[in-house]
Amino acid sequence: MLGNVRLLRGQRLAGRVVDSRGTPVAGAAIRVAPGAPGTDVFFALGTSAQDGTFEIADSPPGLVQVTVRARGYGEEHVTHTPGRPLEIRLLPGVDLPLLLVNPSGAPLAGVEVTIQAVGTAEPVQRTQATDAEGRVVFEGLNARLWNVRTAHPDYRPAPGSKVTANGKQETLTLKPWPGIAGTVRTPEGGPPPAGTRVSALIAMAPGDTLGDLPGGSEVAADGSFRIGGLRPADWVVRVSAPGLAPTTT
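These figures come from a predicted structure and were not determined experimentally.

**Student:** Outline the pattern of salt bridges, supporting the account with residue identities and numerical values.
**Tutor:** Under the definition given, this model contains seven salt bridges. For Glu-55, the salt bridge identified is with Arg-12, shortest N-O distance 3.1 Å. Separated by 43 residues along the polypeptide, Glu-55 in strand β4 (residues 53-59) and Arg-12 in strand β1 (residues 11-19) bring together distant segments of the chain. Residue Glu-55 shares its accessibility class with Arg-12, and that shared class is exposed.

Here is the structure:
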């Protein structure tokens with residue numbers, strides 16, 4: 001038995017999205033979620049019409065949290081009580097472009113970046129990953145000051161400094177975690193065959209566990225490798241290559 005599924009009756013939610021001058025905003029994305037903490041986690045979606053109005057027939061019951069996004073405007077969060085008129089006023093948004101690099105200035109791809117507004121009533125967060133050039137752009141922000149957190153297995157989190165969203169690119173330099181870098185060579189001195197992998201085990205571990213190491217990391221075509229995310233200590237590195245006997249160092 002997997003459990004019970006409880007169906008909740010939704011409520012009709014209607015409102016209007018306008019800009020700071022009262023002009024209707026069409027095409028705004030609307031997300032409605034339960035407003036009280038600890039309630040069921042589900043939400044309903046909608047889009048504003050040409051006249052800025054919207055209607056969602058199956059929004060969560062009770063107090064709701066309404067989030068509205070529209071291109072060129074800052075994201076707006078409203079706690080709404082059903083039965084009252086709902087008008088959401090959007091202000092012009094600001095962008096926050098970030099560039100993440102290593103200490104050598106090389107871009108870092110695949111870094112998870114989370115920003116959180118500073119000094120606002122709602123703990124607004126957004127998360128994106130850097131592209132191949134180490135860049136990420138958070139668009140349509142409704143606050144100027146943001147805390148930035150980063151996550152990557154090979155690099156330490158970014159310092160807890162605050163950044164200002166003003167459309168200008170901010171550069172963050174991440175320091176690598178301790179790691180082991182090296183190169184694998186065949187007995188003839190050439191690069192290893194495809195599928196060569198390296199694993200690391202702390203030197204104090206029993207020697208018979210070396211043969212049970214998990215898959216490890218595949219080395220590059222030129223034989224180079226880096227095993228990151230390690231704590232400072234002495235380590236044993238095991239190399240396994242197709243057609244060759246495994247070795248350790």
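**Student:** Residues and numbers for the pairing of strand β6 (residues 76-80), please.
**Tutor:** In the case of a regular strand, side chains alternate between the two sheet surfaces. In this sheet, β6 lies alongside strand β5 (residues 64-69) in antiparallel orientation, the contact comprising five bridges. Note on β6: the bridge partner recorded for Val-64 is His-80. In this antiparallel pair of consecutive strands, β5 and β6, the connection spans six residues, and Gly-72 shows a positive phi of 90 degrees.

**Student:** Which residues make up the nonpolar core, and what are the values?
**Tutor:** In this structure, Leu-96, Leu-98, Val-113, Phe-138, Leu-141 and Trp-146 are the most contacted members of the largest nonpolar core, which totals 21 residues. Sorting the residues of this core by element identifies β8 (94-101), β9 (112-117), β11 (135-141) and β12 (145-151) as the ones contributing at least two each. Tallying contributions element by element places β8 first for this core, with four residues. Residues contacting Phe-138, with those up to four places away along its chain left out, are Val-94, Asp-95, Leu-96, Leu-98, Val-113, Ile-115, Arg-126, Thr-127 and Gln-128. By size, the runner-up hydrophobic cluster in this structure holds 16 residues, among which are Ile-30, Ala-44, Ile-56 and Val-64.

**Student:** Please set out the sheet that holds strand β20 (residues 244-248) residue by residue, giving values where relevant.
**Tutor:** One open sheet holds the four strands; their spatial order is β17-β16-β19-β20, and the pairing between them is antiparallel. Either end of the sheet is taken by a strand with one partner, and the two such strands are β17 (217-218) and β20.

**Student:** How would you explain the packing of aromatic side chains if you had to name every residue and give the values?
**Tutor:** Considering all chains together, one arrives at zero aromatic pairs under this definition. Positioned above the aromatic ring of Phe-43 is the side chain of Arg-31, whose terminal nitrogen or guanidinium carbon lies 4.1 Å from the ring centre.

**Student:** Run through the side chain of Asn-102, naming residues and quoting values.
**Tutor:** Inspection of the secondary structure assignment puts Asn-102 in the loop between β8 and β9. On the accessibility criterion, Asn-102 (14% relative accessible area) is buried. Of the polar contacts made by the side chain of Asn-102, one reaches the backbone nitrogen of Ala-106; its length is 2.9 Å. If we ignore the near neighbours within four places in the chain, the residues touching Asn-102 are Leu-108, Tyr-155, Thr-173 and Leu-174.

**Student:** Tell me what's going on with the sheet that holds strand β14 (residues 170-173), and back it up with residues and numbers.
**Tutor:** One open sheet holds the three strands; their spatial order is β11-β8-β14, and the pairing between them is mixed. Among the strands making up the open sheet, the edge pair consists of β11 and β14. When the angles between neighbouring strand axes are averaged without regard to direction, this sheet yields 25 degrees. The pairing of β8 with β14 spans four bridges and is classified as parallel. If you follow Leu-98 over to β14, its bridge partner there is Glu-170.

Calculation rules
Residues numbered from 1 in each chain as written. Predicted model: local features only at pLDDT ≥ 70, side-chain atom pairs only at ≥ 80, totals over all residues. Heavy atoms only, no water. Salt bridge = Lys/Arg side-chain N within 4 Å of Asp/Glu carboxyl O. Helix = DSSP H or I, 4+ residues; strand = E, 2+ residues; numbered from the N terminus. Buried < 20%, exposed > 50% of the residue type's maximum accessible area, 1.4 Å probe, protein only. Pairing = 2+ DSSP bridges. Core = buried A, V, L, I, M, F, W, Y, C linked by side-chain atoms within 4.5 Å. Contact = heavy atoms within 4.5 Å. Phe/Tyr/Trp six-rings, centres within 6.5 Å; stacked < 30°, edge-to-face > 60°. Lys NZ or Arg CZ within 6 Å of the ring centre and 35° of its normal. Polar contact = N/O pair within 3.5 Å; in protein donor to acceptor, adjacent residues only side chain to side chain. Axes fitted to C-alpha atoms, helices over the stretch in contact; angles between N-to-C directions.

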